[in-house]
Amino acid sequence: MSDALTLDRLTVKFGAFVAVDDVTMSIADGELRVLLGANGAGKTTLMDMISGRVPCTQGHVRVFGRDITNWQEHKIAAAGVGRKFQIPSVFRNLTVKQNIEVARCHGQSVFKNLRFGMSPSDSDRVAEIVELIGLAAVQSLVAAHLSHGQTQWLELGILVAQDPKVVLLDEPTAGMTHDETYKTAEIIRRLRGNHTLLVIEHDMSFVREIAEIITVMHLGKVIAEGSVSDIETNDEVRAAYLGSAGIS
Amino acid sequence: MDLKRKLQLAAYALFILSLFAVPLFTDDFGLNRASKYLVYGMLGLSIALTWGYAGVLNLGQGLFFGLGAYMMAMSLKLMSPTSLAQGSDKPIPDFMLWNAEPDAPIELCCITPGSYLWIPFQDQWFGVAMGIVVPVVVAGLLGALVFKNRISGVFVSIITLALVLLVRLIVIDAQPVTNGFNGLTDLGFFTVFGYEFDPYSREMYYLVAVSLAFVLVAGRLLADTRASLILQAIRDDQQRARHLGFDVPLYQTFFFVVSAAIAGYAGMLFVLVSEFASPTFMDLSFSVTMVVWAAVGGRSSLLGACIGAILINVIESQVSETEALVDAWKAIIGLIFVLVVLFLPRGLGGLAHDFVDWLARRDREKAHGLAASSSSPEREVKQDV
Ligand SMILES: Nc1ncnc2c1ncn2[C@@H]1O[C@H](COP(=O)(O)OP(=O)(O)OP(=O)(O)O)[C@@H](O)[C@H]1O
Ligand SMILES: [Mg+2]
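These figures come from a predicted structure and were not determined experimentally. (Residues numbered from 1 in each chain as written. Chains lettered and ligands numbered in written order. Predicted model: local features only at pLDDT ≥ 70, side-chain atom pairs only at ≥ 80, totals over all residues. Heavy atoms only, no water.)

Overview of the overall build of chain A
Then, in step 1: Scanning chain A from N- to C-terminus turns up nine helices and ten strands.
Then, in step 2: Relative to a compact globule of 248 residues, whose C-alpha radius of gyration would be 18 Å, chain A shows 18 Å and is just as compact.
Then, in step 3: By principal-axis analysis of the C-alpha atoms, chain A measures approximately 55 × 40 × 35 Å.
Then, in step 4: Buried positions account for 53% of the 248 residues belonging to chain A.
Then, in step 5: Expressed as a percentage of contacts within chain A between residues at least 6 apart in sequence, the contacts between residues at least 24 apart total 67%.
Then, in step 6: Approximately 10,500 Å² of chain A is accessible, and the part contributed by carbon and sulfur atoms is 50%.
Then, in step 7: Computed over 24 positive and 30 negative side-chain charges, the separation of the two mean positions in chain A equals 6 Å. (Helix = DSSP H or I, 4+ residues; strand = E, 2+ residues; numbered from the N terminus. Rg over C-alpha atoms; globule rule 2.2 N^0.38 Å. Buried < 20%, exposed > 50% of the residue type's maximum accessible area, 1.4 Å probe, protein only. Contact = heavy atoms within 4.5 Å. Areas by Shrake-Rupley, 256 points an atom, 1.4 Å probe, with all protein chains shown as cover. Lys, Arg positive; Asp, Glu negative; His and termini not counted. Charge placed at Lys NZ, Arg CZ, Asp CG, Glu CD.)

Focus: the packing of aromatic side chains
Then, in step 1: According to the stated counting rule, one finds 24 aromatic pairs over all chains in the structure shown.
Then, in step 2: Between the aromatic rings of Phe-355 of chain B and Trp-358 of chain B, the centroid separation amounts to 5.9 Å while the plane-to-plane angle is 25 degrees, which identifies the pairing as stacked. Taken together, the positions of Phe-355 of chain B and Trp-358 of chain B, both in helix α17 (residues 347–367) and three residues apart, correspond to about one turn of that helix.
Then, in step 3: The exposure class of Phe-355 of chain B is partly exposed, given its relative accessible area of 48%.
Then, in step 4: Classification of Trp-358 of chain B by relative accessible area gives partly exposed; the value is 39%.
Then, in step 5: Between Lys-183 of chain A and the ring centre of Trp-153 of chain A, over which it is positioned, the NZ or CZ distance is 3.7 Å.
Then, in step 6: Positioned above the aromatic ring of Trp-51 of chain B, the side-chain terminus of Arg-299 of chain B is 5.0 Å from the ring centre. (Phe/Tyr/Trp six-rings, centres within 6.5 Å; stacked < 30°, edge-to-face > 60°. Lys NZ or Arg CZ within 6 Å of the ring centre and 35° of its normal.)

As for the confidence of the model for chain B
Residue and element names in this part refer to chain B.
Then, in step 1: For chain B, the average pLDDT comes to 91, and 95% of its residues sit at 70 or higher.
Then, in step 2: Contacts from residues 371–383, a stretch scored under 50 in pLDDT, to residues over four places away or in other chains number 36 contacts.
Then, in step 3: Interface predicted TM-score (ipTM) for the complex: 0.92; the corresponding pTM is 0.92. (pLDDT = per-residue confidence, 0-100.)

Quick word on the site of ligand 1
Residues and elements named next belong to chain A.
Then, in step 1: Close to ligand 1 lie 14 residues, the nearest being Asn-39, Lys-43, Thr-44, Thr-45 and Gln-86.
Then, in step 2: About the coverage of ligand 1: the protein hides 61% of its 630 Å² of free accessible area.
Then, in step 3: Elements that contribute at least two residues to the shell around ligand 1 include exactly β2 (17–28) and α1 (43–50).
Then, in step 4: The leading source of residues in the shell around ligand 1 is α1, at three residues. (Near = heavy atom within 4 Å.)

Description of helix α6 (residues 178–191) of chain A
All names here are of chain A.
Then, in step 1: Look at α6: 20 Å from first C-alpha to last across 14 residues, which is about the 20 Å you get at 1.5 Å a residue.
Then, in step 2: Every buried residue of α6 is accounted for by Glu-180, Thr-181, Thr-184, Ala-185, Ile-187, Ile-188 and Leu-191. Summarising the axial view, the buried residues of α6 lie within an arc of 165 degrees, below the 170-degree limit, and thus occupy one face. Turned more than 90 degrees off the buried face of α6, the exposed positions are His-178, Asp-179, Tyr-182 and Arg-190.
Then, in step 3: Its buried side turned inward, α6 meets β3 (32–37), α4 (120–132), α5 (148–162), β7 (166–170), β8 (196–200) and α7 (204–210).
Then, in step 4: A positive phi of about 95 degrees marks Gly-193, the residue just after α6. (Expected span 1.5 Å × (residues − 1). Arc of directions from axis to C-beta.)

What about the coordination of the magnesium ion (ligand 2)?
Residue and element names in this part refer to chain A.
Then, in step 1: Within the protein, Thr-44 (OG1) and Gln-86 (OE1) serve as the donor atoms for the magnesium ion (ligand 2), at 1.8 to 2.2 Å. Highlighted residues: Thr-44 in helix α1 and Gln-86 in the loop between β6 (81–84) and α3 (96–104), separated in sequence by 42 residues.
Then, in step 2: Taking the relative accessible area as the measure of exposure, Gln-86 reaches 34% and is therefore partly exposed. (Donors = N, O, S within 2.8 Å, 3.2 Å for Na, K, Ca; no water.)

A few points about the environment of Leu-142 of chain B
Then, in step 1: Relative to the helices and strands, Leu-142 of chain B is located in helix α6 (residues 124–148).
Then, in step 2: For Leu-142 of chain B, the residues in contact, after removing those within four places along its chain, are Ile-159, Thr-160, Leu-163 and Phe-256 of chain B.

Here's the deal with the state of the cysteines
Residue and element names in this part refer to chain B.
Then, in step 1: Inspection of every chain in the model, using the stated rule, returns one disulfide over all chains.
Then, in step 2: Covalent S-S linkage joins Cys-109 and Cys-110, the inter-sulfur distance amounting to 2.2 Å.
Then, in step 3: Of the residues examined, Cys-110 reaches a relative accessible area of 36% and is grouped as partly exposed. (Disulfide = S-S within 2.5 Å.)

Quick word on the side chain of Lys-43 of chain A
All names here are of chain A.
Then, in step 1: Along the polypeptide, Lys-43 turns up in helix α1.
Then, in step 2: Despite its burial, Lys-43 pairs with no opposite charge, the nearest such side chain being Glu-171 at 4.9 Å.
Then, in step 3: Among the polar contacts listed, one links the side chain of Lys-43 to the backbone oxygen of Ala-38, at a separation of 3.1 Å.
Then, in step 4: Discounting chain neighbours no more than four positions away, the residues touching Lys-43 are Leu-35, Leu-36, Gly-37, Ala-38, Ile-200, His-202 and Met-217. (Salt bridge = Lys/Arg side-chain N within 4 Å of Asp/Glu carboxyl O. Polar contact = N/O pair within 3.5 Å; in protein donor to acceptor, adjacent residues only side chain to side chain.)

See below:
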């Protein structure tokens, strides 16, 4: 099994509305896949289905060949799937460092965590990650006081600490300045190689920089898949983007 | 060890030491009253554990307190001299005779419907064990049901509130087994290896004080575990925590159960000290009062909530000695609550914590000479001692 993540005819209906329609795709171990699509295409919903937040009406999700369809979220996470949310989501009343520490705690059960402090290797790792996401100077600040960009990085840091085999990133550069985006690309590059990534992204210059293969969704369906240049010259993709913001 | 940690330890040590200094200043009557306040302190702590750390506001903590109290009281009732003087060679609670059919046999098995439930309580230690086990089982079932179904926030509060009222009604209704409204009075003394704990004695006070010190230290240790950090993370964002692989309902239920066990234990101690158990323990107003104690003391501070409970009760007892203020007390306590919620949302514990932060910052600034620290107190960690 060389594919890290396989989606097999995945479908979800909200009432009569089909938000994700018969999506099949396969992401190789270690690959970074970009998921593209206009607003409302169903990208976030697709991630919700993979990570167990939204139950699939039909189809299967497999991680390294293991069927995890409709498992509870924490079991899917334990099976090696981590995600970053479109609206950055961190533990707002904990400090930056505590956020990373929580992500570094192992085991799902409360009883395994009835112990004090982190192991020395975990502590070192936490310090490393805080450094990596560039928040060392503010590590004892509560997360609620971080700027938008810092919050995004913290959430990426949480993912690095969690160290899942498959990483789902929902718009990691949304609302960022050019410099911030650059730094984010840096963090994502670090994740690359050891992890399999699925990234939703709108910023085409960013996509060009990081993408190998792009999958394009429109109205819940996959309409194209290929390299950056393939996608940019694909007629169906152009048509789909007409009337919306368009590929820029 | 940083300054904060040192001061926190000092605060705990000072509080526990002063617990044991109380007998130097008061007589047995005062000690009995003080014992009750310490039990209230334990309740305040149990509220803070779920409210502050899990974000679960339990408006029915009286349920667990009451269950613990009744379990203990049942055993002590059977040890009371009057229970041995009801014309049977085995102890029978007096109220059961009043509730019995005229021709019912005078035996626990069948004197009133349901009286057989009392049989194992002839062993005092069975009552003690049930005083913990019953609250734990009830909290475990309730927690599993509520948290597995992802019920959170105010809905948990409403469910706990409804449940304590329901159980209160059942207890009142089951007159032949519980003596209904009147509760269980005329109890025997708690006896350990032949030693009888007189409620108006130093020994009883020490039993309560040692218990509170133990619960405080254990609670503090629990709050320092990684599990507690994860619980706080869950409080902030359940969904995020789930996607990190934590079994959220298990964490919430675990801490809910620990809190219930503490409340049950407090209920048992209260029965030893006050010599009765009554459905008023499950009155809504009592459960709400506990929340006020915790709010004033600091809901995310175990020691703060404990001190808050004791402080309010000490003030109340002073006030009740002034005739004119007795009726006004309810209004005063209501006012204090509103003021605290408005101006001191983290209670006295939060205030102490800010003060420590200020000290720590001043220290740092001294150490760094003129280099001003950029962090203001509100921006520091919000978890209190
Ligand atoms: N729980 C739900 N119930 C009903 N409809 C939903 C639900 N969740 C999503 N949708 C709908 O499904 C469609 C896809 O939404 P989704 O959030 O997946 O889009 P997206 O591709 O992530 O868009 P964006 O780029 O704006 O983030 C939208 O039309 C949305 O309104
Ligand atoms: Mg989206």
